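Survey of secondary and tertiary structure
Each chain is listed here by its residues.
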Amino acid sequence: MLITACQPGFSTKSAPVTVSEIEGPKSERIATVTKLLVTQEPLPSPLQNAYFLEEQIGDNQLGPSDYVSFGMLEIKPDDLSAWRGKLLPLKVQPDYVAPQASPDWWVNVAEYSSLELFKLRPYTQRIHGWIGIDAKTNKIYIYPTFSRY
C-alpha cells in the first residue's frame, strides 16, 4: 500500500536563494561579526575588519532549509599565532565553496589551496564547515553550514 499526500500550490522547483549580509561602516561590521563569533569564548585578538553573509537555500517547507555562511576577518600579523593556538587543524581539505553572489572579499579558488584549515569550534556552534587562515594576507575565512529540519 502506498500513501501519498499533496500540498496545494506545492512546487518541486528549487526556492530562490535568500542572502543576508552584514553591511555598514567597518566599525559596525566588526562589532556585529564579533558578537556572532563570541558565543563560547572571547576571540584571540581584536578584528581589524570583518565581512559576513548568509545564504538560505530552501523554503522552510517540506524537507530541510539549508543555510551557508561566509565570513572574512582581518587581523594583525602578530595575532596569527594566537588564532592558531585556539583552533584544531582539519585532517582533510574540503572542496572549495563560494557564495553565489561572490563578493570581492571572499577567498578565490587559487588562494584557497594555500589556506591552513581548521575546525569551526569554538567560534561557531555549527559543526560542518571550516576556518581558513591565510598567513600571507592576515585574513581568516569562515565557512559554516547549517540545516534546519
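Right above here is the structure, for reference.
Here's what I pulled together on the structure shown here. (Residues numbered from 1 in each chain as written. Predicted model: local features only at pLDDT ≥ 70, side-chain atom pairs only at ≥ 80, totals over all residues. Heavy atoms only, no water.)

**Details of the pattern of salt bridges**
- As enumerated under the stated definition, the model contains two salt bridges in all.
- Of the charged contacts, one joins Lys86 and Glu41 as a salt bridge, the two residues approaching to 3.0 Å between their closest N and O atoms. A residue pair is termed long-range when its members are at least 10 positions apart, and Lys86 in helix 2 (residues 80-86) and Glu41 in the loop between helix 1 (26-37) and strand 2 (49-57) qualify at 45 residues.
- Residue Glu116 pairs with Arg84 through a salt bridge whose shortest N-O separation is 2.7 Å. A residue pair is termed long-range when its members are at least 10 positions apart, and Glu116 in strand 4 (residues 116-118) and Arg84 in helix 2 qualify at 32 residues.
- For Glu116, a relative accessible area of 28% corresponds to the partly exposed category. (Salt bridge = Lys/Arg side-chain N within 4 Å of Asp/Glu carboxyl O. Helix = DSSP H or I, 4+ residues; strand = E, 2+ residues; numbered from the N terminus. Buried < 20%, exposed > 50% of the residue type's maximum accessible area, 1.4 Å probe, protein only.)

**As for the layout of surface pockets**
- In this structure, the largest pocket spans a volume of roughly 220 Å³.
- Lining the largest pocket are 17 residues; nearest its centre among them are Leu36, Phe52, Thr124, Arg126 and Pro144. (1 Å grid on protein atoms, 1.4 Å probe; cavity = no way out; pocket = protein on both sides within 12 Å on 5 of 7 lines; lining within 4 Å. Points joined across faces, edges and corners; volume = space filled by probe spheres on them.)

**Some details on the packing of aromatic side chains**
- Tallying each qualifying case throughout the model produces nine aromatic pairs.
- An angle of 85 degrees between the planes, with centres 5.5 Å apart, marks the rings of Trp106 and Tyr141 as edge-to-face. You can see Trp106 sitting in the loop between helix 2 and helix 3 (109-112) and its partner Tyr141 sitting in strand 6 (residues 139-148), a full 35 residues away along the chain. For the pair shown, Trp106 and Tyr141 are each scored as buried.
- Cluster of aromatic residues (ring-pair linked, three or more members): Tyr51, Phe70, Tyr96, Trp105, Trp106, Tyr112, Trp130, Tyr141 and Tyr143.
- One residue, Arg29, lies across the ring of Tyr51, its end atom 4.2 Å from the ring centre. (Phe/Tyr/Trp six-rings, centres within 6.5 Å; stacked < 30°, edge-to-face > 60°. Lys NZ or Arg CZ within 6 Å of the ring centre and 35° of its normal.)

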